[in-house]
Amino acid sequence: MAPPSETQVVVVVASVTLLVVILGAVSQSPVWLLGLLVFLPGAASALCTVRQTQFVFAWTELVVIVTLLVRHGDGRPWLDRILMILLTLVLGTASVYACHRRVSREQEMLRLRSTAAAMQRHILRPLPTVTDDVLVNGLYEPVQEDRLVGGDIYDVVESPWGTRVLIGDVQGKGLPAVGAAFAVIGAFRATAHSQPTLTALVDALDASVVRHNSYAAKTGDDERFVTALILNIDAGAEAQAINCGHVLPQVLQEASVTTPILTSGVPLGLADLAVEPATVDWFVFPPDATLLLTTDGLTETRAADGAFYPLTERLTERLAQHMPISPTKLPRALYDDARAFAGGGDQHDDVAVLTLRRSPKL
């Protein structure tokens, strides 16, 4: 949350001071009501900058000293006055120190989030990407909440058997989640060129998560799993897919939105718990269609009443109203629509959206 402006701080401090003066005049107890001002720097330390907190502290100390000196003839012992001044001084100094610590922690968290997000953006493939089989557009929006650097991933690799596409989401948040994400992307890039089948590729990705978890366990970190959707697209009219517990794709064509029926397997890292091995499914991907891939950061966006973002309904309504969006602009349009659906509140998860079109070469 951004700190208040200088003007806002001055207005609030002046208003509180005026309120204390008025209450003191009415109650005939101005000295006792000064205790309300003593805690004003403490409140400022939780919301304001260090400079603003210092101003509130200096103002409070000045008001207390002036008031006690002006009221020197009310018969109150000087010891009480000195103790009030010292109490204001101690609490004000502690408030400035606490504000400095808070701001330092916030800056450190911002640096950590920025570094992690930069690393993630650097390792994720720049979009748009063009292969012999598909044109891939999309966006990736990392969350900007404390401790919530997420693990959404995607990648596109050309292989001798077609273009392999990965989109996934690591369970959990924070830097450990980013580490698991990097492990999966590294394994995908290393094996997508060498494994002729999607099942072998998925086995390699699952093994990479298992290895990462074994290393994480030695350092006391939690184990992770990764939901993922792995595709293979070649010159044929159909696309191959293995769904590892991920959000289903959407095929947009003319005025229709189709959700392919895919076998839902276990997430990467949990293959040992699966009853059956990973299954390859096929679905139609026509040359004039757009294939939409997302992570649950989009589909689990919530409105104020708790309702989830209705992705399929929104797409269907737009196509029914003859309002198609180019694949280039569709990811950003969906992201903005989801943010509007949520009322513009804080983003609580990473969002990755990809659109795939057949390459004109086909």
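A brief look at the structure comes next. The shown structure was predicted, so the numbers you read here are calculated from the model rather than taken from an experiment.

Before going further, it helps to spend a moment on helix α3 (residues 40-47). Within α3, burial applies to Leu40, Pro41, Ala44 and Ser45. When α3 is viewed along its axis, its buried side chains cluster within an angular range of 140° and face the same direction.

Right, let's talk about the nonpolar core for a bit. Counting 46 residues, the largest nonpolar core has Ile230, Leu268, Phe283, Phe285, Leu291, Leu293 and Leu356 as the members making the most contacts within it. The leading source of residues in this core is helix α6 (residues 175-191), at 7 residues. Discounting chain neighbours no more than four positions away, the residues touching Leu291 are Leu231, Ile233, Pro249, Gln250, Val251, Phe283, Phe285, Leu354, Thr355 and Leu356.

Now for unusual backbone geometry. The peptide bond linking Leu127 to Pro128 adopts the cis configuration, its omega dihedral lying at 5°. Residue position: Pro128 is located in the loop between α5 (78-123) and β1 (129-130).

Okay, the pairing of strand β4 (residues 162-170) next. The buried fraction of β4 amounts to 9 of the 9 residues, a majority that puts the element mostly inside the structure. When strand β3 (residues 152-159) meets β4, the two strands line up antiparallel, connected through 8 bridges. Considered in β4, the bridge of Ile153 is made with Gly168. Counting the residues that bridge the hairpin from β3 to β4 gives 2 residues.

The subject of this paragraph is a nonpolar patch on the surface. Judged by side-chain polarity, Leu69, Trp78, Leu79, Ile82, Leu83, Leu86 and Leu89 come together as a nonpolar surface patch covering roughly 690 Å² of accessible area. The element contributing the most residues to the nonpolar patch is α5, with 6 residues. With respect to the secondary-structure elements, Leu89 resides in helix α5. Overall, Leu89 belongs to the partly exposed group, its relative accessible area being 39%.

Thresholds, definitions, all that
Residues numbered from 1 in each chain as written. Predicted model: local features only at pLDDT ≥ 70, side-chain atom pairs only at ≥ 80, totals over all residues. Heavy atoms only, no water. Buried < 20%, exposed > 50% of the residue type's maximum accessible area, 1.4 Å probe, protein only. Helix = DSSP H or I, 4+ residues; strand = E, 2+ residues; numbered from the N terminus. Arc of directions from axis to C-beta. Core = buried A, V, L, I, M, F, W, Y, C linked by side-chain atoms within 4.5 Å. Contact = heavy atoms within 4.5 Å. Pairing = 2+ DSSP bridges. Patch = residues over 30% accessible without salt bridge, like charges linked within 9 Å, V, L, I, M, F, W, Y side chains within 5 Å. Areas by Shrake-Rupley, 256 points an atom, 1.4 Å probe, with all protein chains shown as cover. Salt bridge = Lys/Arg side-chain N within 4 Å of Asp/Glu carboxyl O.

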